[in-house]
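# Chain and residue survey
Okay, here's what each chain looks like letter by letter:
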Amino acid sequence: MKRTIKKVAVLGSGVMGSRIACHFAGIGVQVLLLDIVPKDTPADAKPAARNKIVNDALGAAIKSNPSPVYHKDVINKITTGNFEDNMKDIAGCDWIIEVVVERLDIKQKVFEQVELYRKPGTLITSNTSGIPINMMAEGRSEDFKKYFCGTHFFNPPRYLRLLEIIPTPHTDPAVVDFLMNYGDLFLGKTTVLCKDTPAFIANRIGVFGMMAIMNVKEKLKLSIDEIDALTGPVIGRPKSATFRTADLVGIDTLIKVAKGVADNCPGDEAREQFAIPAWLETIVNNNWLGDKTGQGFFKKTKGASGEKEILTLNLETMEYAPRVKPKFATLEAAKPIDDLYTRLKMLVAGQDKAGEFYRLFHYGLFSYISHRIPEISDELYRVDDAMMAGFGWEIGAFESWDVLGIEKSAKAMKDAGYAVAPWVDEMIAAGNKSFYKIDNGKKLCYDPVSKSYKALPGGEAFIVMSNYTDKQIWKNGSCRLYDLGDDVLGLQWFTKMGSIGGDVLSGIQTAIDKAEKGYKGLVIANEGANFSAGANVGMIFMLAIEQEYDELDMAIRMFQNTMMRARYSSVPVVVAPHGLTLGGACELSLHADKCCPAAETYTGLVELGVGLIPGGGGTKEFVLRASDEMHEDEPETITLKNRFMSIATAKVATSAHEGFGLGVYRKGLDEVVVNIGRRIAEAKKAVAEIYDSGYTTPVQRKDIKVLGKSALGALYAGIHAMKTANYATEHDALVAKKLAYVMCGGDLSEPTLVSEQYLLDLEREAFLSLCGEKKSLERIPSVLKSGRPIRN
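First, a word on scope: everything that follows refers to the structure included in this document. (Residues numbered from 1 in each chain as written. Predicted model: local features only at pLDDT ≥ 70, side-chain atom pairs only at ≥ 80, totals over all residues. Heavy atoms only, no water.)

### Some remarks on the overall build of the protein chain
We count it as follows: Helix numbers and strand numbers start at the N terminus; a helix is a DSSP run of H or I with at least 4 residues, a strand a run of E with at least 2. In this description the radius of gyration comes from C-alpha coordinates, and the expected globular size is given by 2.2 Å times residues to the power 0.38. Summary of the burial criterion: residues with accessible area below 20% of their type's maximum are buried, those above 50% are exposed, and those between are partly exposed, where the area comes from a 1.4 Å probe applied to protein chains only. Note on contacts: a residue pair qualifies if any of its non-hydrogen atoms lie within 4.5 Å across the two residues. Here, Shrake-Rupley sampling with a 1.4 Å probe gives the accessible areas, and only protein chains in the shown set may cover a residue. Under the counting rule used here, the positive set is Lys and Arg, the negative set is Asp and Glu, and His together with the chain ends is not counted. Charged side chains are reduced to one point each, which is NZ for Lys, CZ for Arg, CG for Asp and CD for Glu.
Looking only at helices and strands, one finds 32 helices and 24 strands in the protein chain. Against the 2.2 N^0.38 benchmark of 28 Å for 792 residues, the protein chain shows a C-alpha radius of gyration of 28 Å, consistent with a compact globule. Here the protein chain holds 792 residues, and 55% of them are scored as buried. The long-range share in the protein chain, meaning contacts at least 24 apart out of those at least 6 apart in sequence, stands at 70%. Carbon and sulfur atoms form 52% of the exposed surface of the protein chain, whose accessible area is close to 33,600 Å². Computing the positive centroid from 95 side-chain charges and the negative centroid from 99, the protein chain places the two 2 Å apart.

Set out below in structure tokens:
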């Protein structure tokens, strides 16, 4: 049976239900969102009254930050209702998802109602985070059981990529296969098949890790601030680390999961790790549950001068005090190291208290995950997938063990009193040195059952360029160029925040040169947290401060020439951005033959944030597109003004979908890839399709309509009004006028057709003149010092 999801019913509109509904609507699916009728509401009351709970919940979700939707228009795809009046409407839905309160009796009552109206063969799933799936299916019809399983989304559903699929013994395998594929392909999820065990996979391992850290904290007498400094980005974990994560999730939720594992897993060899310490019980009794109650391990207050201050709880005195920045020699030595693998080895080898913490923590974690195979999963890669997608780990637990050495770590663990599961000893004895290995560009994982390595599922749909090291054909100090197969090359670079400097520009030029000599085309993508935060601002600052204007002119020309090289190469160039794609990275996207951005791509021309204008062809390209968008039935200045405002206000799209509205991506040409892991494969496929359709080198444009003085006067007037109203500083106005001058083609007396090169020259001249402005030079160091990308 070919199954198509056109409409989904979400039963329950709480924090999770409303956001799951938003995510489905975001991918274009019609959603029916239902919840209970407010207490004591008459049966003949108007729908607004009877649907107040669901409408309020959805409204709060839409207004929340970060936004649960890719763009605001998706709200039109969500219809609200209530269980009493609208449960009958689920008959027209292809998938019913239950997201009501975590109580088995309530869920079973909802399922009784569902059985009255659900069409046979309709998918029915529960978003429970811990109630056994098989217990919820008890007493239901055979058809219900056949199409029923658990689908555990993580909050917030748009941003956390994990979707755990938990079948029962009655679930049709075809349903499991469908959900695994649909979650990946359409919802953009890392779908992980789980066994119906307490807390499933991610929460079982994640909560163990947090409880184990708390126990190591007690043993080594470490503070909350010290633990969070040790367990954050430095080891490839989120900034929220351990205790801040607990505040975000809810300390009561953490304890609930921990107690659930302790109560329902009597055979768990590390069961004592889930015991709740007395100080943690005190925190819960005080109702200090984290962000939901205003305080937990941390508390936000206002200092004497009114500034915000975060206080940390002292677990010995149960009083809050100002945060203290921890100092560990091992931590300080490791921080400058960019490579996570190298950094992790240094941290675990540390000879101070930090090093001791890392050894105890990792030994406990490695022991625990080894004993969870095959209890919670037959395949160990699923454990790593769950932790990376659900808890935001950069590398999984088994992969971390690989980094530190399986055999070496296993020996050290045993010496320290930590047991290793027998299958690991057997694996080592057989001469296998790692859980993962790369073969011919494919990642393989050790399978304890067959005692052999098997390729990870997904195959060609998930391309990781770093796995193609044996097919690397060129490199420089920052870039690597790979043969991705099928006559397509792939380029990526390794710089801080993906910044674009001379090495990267040279890499792009070289990659195109090589692609033109025997390949169908080139894919440009990166595999770090972001595609690129833009041009190397530090290099621009140094050249400007030293008044090296000839070198600065050459640098800008090189950037412009590289962008034009991408646009006018003899083979297609496809860019697959993700995360931050700002400034120069946005300009590269603008000049590509096609973009395949991940849904979570945040792009924009943000150079005005440092007192400059886009100088790598971005200004030119916005003028070109404005020219193409001008229509006879509306004033020509409207289109140009919209483009001007996008740059002048340094707008950043908060999703790839918003990137279309911003004018960066082109409707009908560029393609959003919901699953970030698929974007490189999609870009590779696009290269082949464009080439095979008869790609020819485009001709540089000489027909770009610029409006000259007629539009320039209007833009100048708007800039003056902004400055007069104190929305813009004197320097902001200066920069905006330079931008307006370029975008109008100068002070031409009448609308004129000009070439791309004409606009590039104007753009470069304006950029260089602003580099000499004192105010611009004063802004750049603050950006460099903060380490943050330029954003509005």
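### Re empty space enclosed by the protein
Here is the rule we go by: Residues are said to line a cavity or pocket when one of their atoms sits within 4 Å of a point; the points come from a 1 Å grid over protein atoms alone, cavities being sets where a 1.4 Å probe fits but cannot get out and pockets being open sets with protein on both sides within 12 Å along at least five of seven lines. Grid points are joined across faces, edges and corners, and a volume is the space filled by probe spheres set on the points. Gly is put with the polar residues, along with every residue not named as nonpolar or charged; the nonpolar set is Ala, Val, Leu, Ile, Met, Phe, Trp, Tyr, Cys and Pro, and the charged set is Asp, Glu, Lys and Arg.
This structure, assessed with the given rule, holds 2 cavities of 30 Å³ or more. What the largest cavity holds in volume is close to 240 Å³. Contributing to the lining of the largest cavity are 24 residues, with Ala535, Ile540, Phe559, Glu607 and Phe767 lying nearest its centre. Breaking the lining of the largest cavity down by element, the ones donating at least two residues are α22 (537-545), α23 (549-567) and α24 (584-591). The biggest single contributor to the lining of the largest cavity is α23, with 4 residues. For the lining of the largest cavity, the residue count by class is 17 nonpolar, 5 polar and 2 charged.

### Describing the sheet that holds strand β4 (residues 95-98)
Selection criterion: What makes two strands pair is DSSP finding at least two bridges between them. Axis definition: a line fit to C-alpha positions, over the contact stretch in the case of helices; interaxial angles, taken between N-to-C directions, run 0 to 180 degrees.
Spatial ordering of the open sheet is given by β3-β2-β1-β4-β5-β6-β7-β8, a layout of 8 strands whose pairing is mixed. Each edge of the open sheet is held by one strand with a lone partner, namely β3 (78-82) and β8 (190-193). Averaged over neighbouring strand pairs, the angle between their axes works out to 25 degrees when direction is ignored. Both strand β2 (residues 30-35) and β3 contribute to a ladder of 5 bridges, which runs parallel. Within the sheet, the bridge partner assigned to leucine 33 lies in β3 and is threonine 80. Against the sheet, helix α5 (residues 104-117) makes contact with β1 (7-11), β4, β5 (123-126) and β6 (148-153), and its axis sits at roughly 170 degrees relative to β5, the strand it touches most.

### What about the sheet that holds strand β16 (residues 479-483)?
One open sheet holds the 6 strands; their spatial order is β15-β16-β17-β18-β19-β21, and the pairing between them is mixed. At either margin of the open sheet sits one strand with a lone partner, and together these are β15 (472-475) and β21 (594-595). Two strands pair when backbone bridges link them, and β16 and strand β17 (residues 488-493) are joined in this way by 5 bridges, in the antiparallel orientation. Paired with tyrosine 482 across the strands is glycine 490, a residue of β17. The sheet strands contacting helix α28 (residues 679-692) are β17, β18 (521-524), β19 (573-575) and β21, and the helix crosses β18 at an angle near 160 degrees.

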